[in-house]
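Take a look at the letters that make up each chain.
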Amino acid sequence: MTALRPGRRAGPAEPDEVLAAMADPTRRRLLGVLAADGPATASTLADGLPISRQAVAKHLAVLSRAGLVTSSKHGRDVRFAVRTGGLSEAADWLAGLAAEWDDRLAAIKRIAETNE
Amino acid sequence: MSQDLIEREILIEASRERVWAVLTQAKHVAGWFGDSAEIDLRPGGKAAFGWTQYGTHRAVIERVDEPNLLSYRWARDTDVEPAEGASTLVEFTLTEVFAGTLLRVVETGFASLHGTPAEQDKALQDNTEGWTSELAELKEYAERSAA
């Protein structure tokens, strides 16, 4: 019987920082707003959320380190935008894990149906 | 518990008892999950799934309800204990259907990995939003706005 590789070592590289960044509901919300409404400054984002500009800036820094947002200067403003690559990598990683379960379930089916 | 999850299912033309045996008996498990397996099948019991190429992933059994449900927490890395924040929870449910058994697997806990302890707590408390589906939606949004 061919053993399937473990999910932990197989597939695309694990986007550690993306996972940590996405673990926070406020950061997910910020990403959602940026994705839906387009680039914005920390102040603009804070206006629409029940948290301070400082807190928003902190969350944006985490998202930036994880490669989920980019920032650019426009005069005195720093505008943040969603970086699609980071999200795609994380989505691909989860899809890869799901595909491994499909392989394992298919193997379970094969064993259960043939080795009676 | 957070809803960051992977959920898959398959229809198997065999009895639930048969599928249960394949899920829980070490000699069968080694056929679909690694090259060797040890399982102490009781809540709190230890399990180990070995891959000759990679090492051993340790697990601890959480729930055993033959032949309906089996769950265990397994370590993300080899040769470490399946501690909170360093492991994910795998839950199998077996449902009798006319053609045999519907086997469903749900793996959760990805969002609580790798964060700081505070972030892990927050992720565990956050039970209102689906992480995986949000990620997919965000990706869609982002790709649409980039186009």
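Residues numbered from 1 in each chain as written. Chains lettered and ligands numbered in written order. Predicted model: local features only at pLDDT ≥ 70, side-chain atom pairs only at ≥ 80, totals over all residues.

**Re the overall build of chain A**
Counting secondary structure elements, chain A contains 5 helices and 2 strands. What you see in chain A, going N to C, is helices and strands ordered as α-α-α-α-β-β-α. Put simply, chain A has 116 residues, and 34% of those count as buried. Intrachain contacts of chain A at a sequence separation of at least 6 include 60% that bridge at least 24 residues. (Helix = DSSP H or I, 4+ residues; strand = E, 2+ residues; numbered from the N terminus. Buried ≥ 20, exposed ≤ 12 C-beta atoms within 10 Å, placed from the backbone. Contact = placed C-beta atoms within 7 Å.)

**Here we look at the pairing of strand β5 (residues 69–75) of chain B**
Residues and elements named next belong to chain B. Within β5, 5 of the 7 residues are buried, leaving the element largely enclosed by the surrounding structure. As paired strands, strand β4 (residues 55–65) and β5 are joined by 6 bridges and run antiparallel to one another. Counted as the bridge partner of Val-60 is Arg-73 from β5. If you look at the hairpin formed by β4 and β5, you'll find 3 residues sitting between the two strands. The pairing of β5 with strand β6 (residues 87–97) spans 7 bridges and is antiparallel. When the sheet's bridge partners are listed, Tyr-72 is paired in β6 with Val-90. (Pairing = 2+ DSSP bridges.)

**Concerning the packing of helix α5 (residues 84–114) of chain A against helix α1 (residues 16–24) of chain B**
Between α5 of chain A and α1 of chain B, the shortest axis-to-axis distance is 9 Å and the interhelical angle comes to 125°. Considered as vectors, α5 of chain A and α1 of chain B are oriented oblique to each other. Between α5 of chain A and α1 of chain B lies a crossing of right-handed hand. In this structure, α5 of chain A uses Ile-108, Ile-111 and Ala-112 of chain A to contact α1 of chain B, whose residues at the interface are Arg-18, Val-19, Val-22 and Leu-23 of chain B. Taken together, the residues of the contact of α5 of chain A with α1 of chain B sort by class into 6 nonpolar, no polar and 1 charged. (Axes fitted to C-alpha atoms, helices over the stretch in contact; angles between N-to-C directions. Parallel < 35°, antiparallel > 145°, perpendicular 65-115°, else oblique. Left-handed = near helix turned anticlockwise from the far one by under 90°. Nonpolar A, V, L, I, M, F, W, Y, C, P; charged D, E, K, R; others polar.)

**Things to note about unusual backbone geometry**
Residue and element names in this part refer to chain B. Residue Glu-66 is joined to Pro-67 through a cis peptide bond whose omega torsion reads -10°. Relative to the assigned elements, Pro-67 resides in the loop between β4 and β5. We note that Asp-79 has phi near 60°; this positive angle belongs to a residue other than glycine. Mapped onto the elements of the fold, Asp-79 is located in the loop between β5 and β6.

**Structural notes on the nonpolar core**
One finds Leu-34, Leu-63 and Leu-68 of chain A to be the most contacted residues of the largest nonpolar core, which totals 27 residues. No other element matches the 5 residues that helix α1 (residues 16–22) of chain A contributes to this core. Apart from the residues within four sequence positions on either side, Leu-68 of chain A is in contact with Val-18, Ala-21, Leu-31, Leu-63, Arg-83, Gly-86 and Leu-87 of chain A. Counting residues in each nonpolar core, the second largest holds 26 residues, with Val-19, Leu-23, Phe-92 and Val-105 of chain B among its members. (Core = buried A, V, L, I, M, F, W, Y, C linked by C-beta atoms within 7 Å.)

**Let's talk about the environment of Glu-62 of chain B**
Residue and element names in this part refer to chain B. By the element assignment, Glu-62 lies in strand β4. On the neighbour-count criterion, Glu-62 (16 C-beta atoms within 10 Å) is partly exposed. Taking the C-alpha atoms as reference, Glu-62 lies 7.7 Å from Arg-42; in sequence the two are 20 residues apart. Apart from the residues within four sequence positions on either side, Glu-62 is in contact with Pro-43, Ser-71, Tyr-72 and Arg-73.

**Overview of the packing of helix α2 (residues 25–37) of chain A against helix α4 (residues 53–65) of chain A**
Residue and element names in this part refer to chain A. Viewed as axis vectors pointing N to C, α2 and α4 meet at an angle of 80°, and their least axial separation amounts to 10 Å. In this view, α2 runs roughly perpendicular relative to α4, as classed from their interaxial angle. Contact residues: α2 offers Thr-26, Arg-27, Leu-30 and Leu-31, while α4 offers Val-56, His-59, Leu-60, Val-62 and Leu-63. Within the contact of α2 with α4, the residues separate by chemical class into 6 nonpolar, 2 polar and 1 charged.

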